[in-house]
Amino acid sequence: MIKKLFYLAIFALFIYSLVLLAAPYYHYYAFKSDLEELLKVSTADRPDEVMTKILDLAKQYKVPIGENDINLNSAAKYTAKISWQETVVFFPAYQIYKKTLEFHIDTSK
């Protein structure tokens, strides 16, 4: 009986870890997809409007970026290079284990 509870606790910690790590990756992929669509559509907009739309999109997906993290170019079409880091804390009450994830988006490719 104790062995089963131990395995159940290990399995629960594994699922908990997966959920904590999956959330930033979901935000990354959803933000990247919507950003690419936004930049395709924003051909006639002014750069400050595009920057505002990008920041609103980042706020929607809880991506921790500011204007200084975005490199927006508008040659023939808008392209952006964005980088940020997110730290995942597995046991927030104790601050035992932290994992810092780095994300990079380059829409010029």
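Along every chain, residues carry numbers that run from 1 in the direction the sequence is written. Only residues with pLDDT of 70 or above have their local features reported here, since the model is predicted, and side-chain atom pairs are shown and tallied only from 80 upward, although totals for entire chains, interfaces and linings are computed over all residues. With hydrogens and water set aside, each side-chain value is computed from the structure's full complement of heavy atoms.

Phe31, Ile54, Leu72, Ile82 and Trp84 are the most contacted members of the largest nonpolar core, which has 25 residues in total. Each helix is a run of DSSP H or I of at least 4 residues and each strand a run of E of at least 2, with the numbering of both proceeding from the N terminus. By residue number, the principal contributor to this core is helix H1 (residues 2–41), which donates six residues. For the purposes of this section, nonpolar cores are sets of buried Ala, Val, Leu, Ile, Met, Phe, Trp, Tyr and Cys residues that join through side-chain atoms within 4.5 Å. Burial here depends on accessible area, computed with a 1.4 Å probe over protein chains only, as a share of the maximum for the residue type. Under 20% is buried, over 50% is exposed, and the range in between is partly exposed.

On to the environment of aspartate 48, then. Relative to the helices and strands, aspartate 48 is located in helix H2 (residues 47–60). When the C-alpha atoms of aspartate 48 and leucine 72 are compared, they prove to be 9.8 Å apart, with 24 residues separating the residues in sequence.

Below, the discussion takes up the side chain of glutamate 86. Of note, glutamate 86 is situated in strand S2 (residues 78–89). In this count, Lys and Arg are taken as positive residues and Asp and Glu as negative ones, while His and the chain termini are left out. Between Lys or Arg on one side and Asp or Glu on the other, a salt bridge is scored when a side-chain nitrogen of the former is within 4 Å of a carboxyl oxygen of the latter. Among buried charged residues, glutamate 86 stands out as having no salt bridge; its nearest opposite-charge side chain is lysine 62, 10.0 Å away. With residues near it in sequence (within four places) discarded, glutamate 86 still touches Pro24, Lys62, Pro64, Lys99, Thr100, Leu101 and Phe103. Any two residues whose heavy atoms approach within 4.5 Å at even a single point are treated as in contact.

So, on to H2. With 14 residues, H2 extends 20 Å between its outermost C-alpha atoms, agreeing within 8% with the 20 Å of an ideal straight helix rising 1.5 Å per residue. Buried residues of H2: Val50, Met51, Ile54, Leu57 and Ala58, and no others. End-on view of H2: buried residues confined to an arc of 125°, all on one side of the axis. Of the residues in H2, the exposed ones pointing more than 90 degrees away from the buried face are Lys59 and Gln60. Buried residues belonging to H2 abut H1, strand S1 (70–74) and S2. Phi for lysine 62, located one or two positions after H2, is positive at around 55°. Take the number of residues in a helix, subtract one, and multiply by 1.5 Å to get its expected span. Throughout, the arc means the angular range of directions from the helix axis out to the C-beta atoms.

Below, the discussion takes up the side chain of threonine 79. With respect to the helices and strands, threonine 79 occurs in strand S2. Residues contacting threonine 79, with those up to four places away along its chain left out, are Leu39, Asn71, Leu72, Asn73, Thr107 and Ser108.

So, on to the sheet that holds S1. Taken together, three strands build an open sheet; the order of strands is S1-S2-S3 and the sheet is antiparallel. Each having just a single partner strand, S1 and strand S3 (98–106) make up the two edges of the open sheet. Within this sheet the neighbouring strands show an average axis-to-axis angle of 10°, counted without direction. A pair of strands is labelled paired if DSSP reports no fewer than 2 bridges between them. Pairing analysis gives five bridges linking S1 to S2, with the strands arranged antiparallel. Paired with asparagine 73 across the strands is threonine 79, a residue of S2. Of the strands in this sheet, S1 and S2 are in contact with H2, which crosses S1 at around 140°. Fitting a line to C-alpha atoms yields each axis, with helices limited to the stretch in contact; the angle taken between N-to-C directions then spans 0 to 180 degrees.

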